[in-house]
Amino acid sequence: RKPANLDEVPQSLRCMLIARVALGDVHEQRTADATLRRPPLGPDGIRCDSVLGVPRDRGGCVDYDEFVIYQPCQATPQFVVEYEHTPECRCRSCSAV
């Protein structure tokens, strides 16, 4: 279902992509590093395939597992899930609006 124009799309509508992701050899990153443009070298001297932002409860710096891939071919979208927040929603996205 596609609206005739964007004015017809409710502001509460959200989309989430579900994808199959090939992580390969994962580097666990426990501190923030905005300079990463590609995965670091692993202990064997070979570049890792992806990076995991480790959650705080496991000694990291993010709220949940966050995986970063660097090659588009590592992810294949499988589904688009459309959903709406209720008017009572108090999540971070709705609170910012």
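Residues numbered from 1 in each chain as written. Predicted model: local features only at pLDDT ≥ 70, side-chain atom pairs only at ≥ 80, totals over all residues. Heavy atoms only, no water.

This paragraph deals with the layout of surface pockets. Estimated volume of the largest pocket: approximately 160 Å³. Residue assignment for the lining of the largest pocket shows that the elements contributing at least two residues are strand S3 (50-53) and strand S4 (66-69). Considering every element that reaches the lining of the largest pocket, the biggest residue donor is S3, with three residues. Taken together, the residues of the lining of the largest pocket break down into eight nonpolar, three polar and two charged. (1 Å grid on protein atoms, 1.4 Å probe; cavity = no way out; pocket = protein on both sides within 12 Å on 5 of 7 lines; lining within 4 Å. Points joined across faces, edges and corners; volume = space filled by probe spheres on them. Helix = DSSP H or I, 4+ residues; strand = E, 2+ residues; numbered from the N terminus. Nonpolar A, V, L, I, M, F, W, Y, C, P; charged D, E, K, R; others polar.)

To continue, consider the environment of Ile18. Mapped onto the elements of the fold, Ile18 is located in strand S1 (residues 13-21). The partly exposed category is assigned to Ile18, whose relative accessible area is 36%. Sequence spacing of Ile18 and Gly42 is 24 residues, and the spatial spacing of their C-alpha atoms is 28 Å. For Ile18, the contacting residues outside a window of four places in its chain are Pro77, Gln78, Phe79 and Val81. (Buried < 20%, exposed > 50% of the residue type's maximum accessible area, 1.4 Å probe, protein only. Contact = heavy atoms within 4.5 Å.)

Two cysteines, two sulfur atoms, one covalent bond between them: this is a disulfide. Applying the stated criterion across every chain, the model contains zero disulfides. In this structure Cys61 is a free cysteine whose sulfur lies 17 Å from that of Cys48, the closest cysteine sulfur available. When its relative accessible area of 29% is taken as the criterion, Cys61 is described as partly exposed. Free cysteine: Cys89, not disulfide-bonded; nearest cysteine sulfur from Cys91 at 3.6 Å. (Disulfide = S-S within 2.5 Å.)

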